[in-house]
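# A look at the structure
Residues per chain, in single letters:
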Amino acid sequence: MITQIRLLKDFMWWMLFVGFLGYCGRASAQVLPEYSAFPKNSIGLQLGTQGVGLQGSSAFGRVFNARVGFNIVPDITVQYNGRDLGLNRTSVYGIVDWQPLYGNADWLSRKWYVSAGISYYFNNTLYREGIGTVPNYYIYMSKLRPYIGTGLGNMRLSHSIGLRTDFGFFIPTSSPTSTYDDRAEKVSSGLRGLLPGMNAGLTLYYRF
């Protein structure tokens, strides 16, 4: 419960900051909505590989957009090779988007953006049920992660409802650790080291 309260407090402070950026941006640049990949302001529900959460955004300047939000994976457990595999993940993040092709009339130029940001995970833990002489163990993954990604935005479903897609990676800044042996290597070697930070998601938002 304490973690959820911290999430909501952080989210509200970031929303105030993003709103300030949006106000400053609109005061300094005229944006043509038909060419922009970003709504002026939005709040919406995000669902993807990082979990489910809330996301707020505000466009500033002509080609930039600021987003803040949080995601939760509520301590789920599944069966993998006949043993329990659990994930407990809670995070907050801030992202800035840039629309490099603003002003062009084709569909891709009006929707495509690139992103960079940072995320902090309050929890980022894998649980694995033991077998034989191997006990149950936990793997603790990197909590502070910069983000790089891309996406498509401002896809209108109605006058006030829109859709945004994202794909990118929250990149680990430290090696994972485990409570038994060197089991953390399973989530840190090769391409598997990027999979826990993969962000593939959809955001359904209300624009205002």
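Let me begin by describing the structure that accompanies this report.

Although it is not a glycine, Asn81 adopts a positive phi angle of roughly 55°. Residue Asn81 is classed as exposed on the basis of its relative accessible area of 64%. Positive phi values are uncommon outside glycine, yet Asn154 reaches one of about 55°. Relative to the helices and strands, Asn154 resides in strand 7 (residues 144-156).

Two faces belong to every sheet, and in a regular strand the side chains alternate between them. Residues Tyr137 and Ile139 line the buried face of strand 6 (residues 137-140), whereas the alternating positions Tyr138 and Tyr140 sit on a face that is not buried. Bridge count between strand 5 (residues 112-128) and strand 6: four bridges; the pairing is antiparallel. Pairing of Leu126 across the sheet is with Ile139, part of strand 6. In terms of strand pairing, strand 6 meets strand 9 (residues 177-178) through two bridges, oriented antiparallel. Its bridge partner lying in strand 9, Ile139 is registered against Ser178.

Mapped onto the elements, Ser109 comes out in helix 2 (residues 107-111). Taking relative accessible area as the criterion, Ser109 reaches 2% and is therefore assigned buried. Those residues within four positions of Ser109 in sequence are excluded, and the remaining contacts are Gln99, Leu101, Tyr102 and Asn104.

Quick look at the nonpolar core now. Core analysis: the biggest nonpolar cluster contains eight residues, these being Val73, Leu87, Leu126, Val134, Tyr137, Ile139, Met141 and Ala184. Tyr93, Ile95, Tyr121 and Tyr147 belong to the second-largest nonpolar core, a separate cluster that totals five residues.

It is worth spelling out the packing of aromatic side chains at this point. Evaluation of the coordinates by the stated rule reveals twelve aromatic pairs. Measuring from centroid to centroid gives 6.5 Å for Tyr93 and Phe170, while their planes differ by 50°, and the two rings are tilted. Here Tyr93 is found in strand 4 (residues 83-98), whereas its partner Phe170 is found in strand 8 (residues 161-170), with 77 residues between them in sequence. Here Tyr93 matches Phe170 in class, with each residue buried. Summarising the aromatic geometry, the rings of Tyr121 and Phe170 are spaced 6.4 Å apart at their centres and angled 90° between planes, so their arrangement reads as edge-to-face. One end of the pair, Tyr121, is in strand 5; the other, Phe170, is in strand 8, with 49 residues separating them in the sequence. Each member of the pair, Tyr121 as well as Phe170, carries the same accessibility label: buried. Here a set of aromatic residues connected by ring pairs shows up, and it is made of Tyr93, Tyr121, Tyr147 and Phe170.

Analysis parameters
Residues numbered from 1 in each chain as written. Predicted model: local features only at pLDDT ≥ 70, side-chain atom pairs only at ≥ 80, totals over all residues. Heavy atoms only, no water. Buried < 20%, exposed > 50% of the residue type's maximum accessible area, 1.4 Å probe, protein only. Helix = DSSP H or I, 4+ residues; strand = E, 2+ residues; numbered from the N terminus. Pairing = 2+ DSSP bridges. Contact = heavy atoms within 4.5 Å. Core = buried A, V, L, I, M, F, W, Y, C linked by side-chain atoms within 4.5 Å. Phe/Tyr/Trp six-rings, centres within 6.5 Å; stacked < 30°, edge-to-face > 60°.

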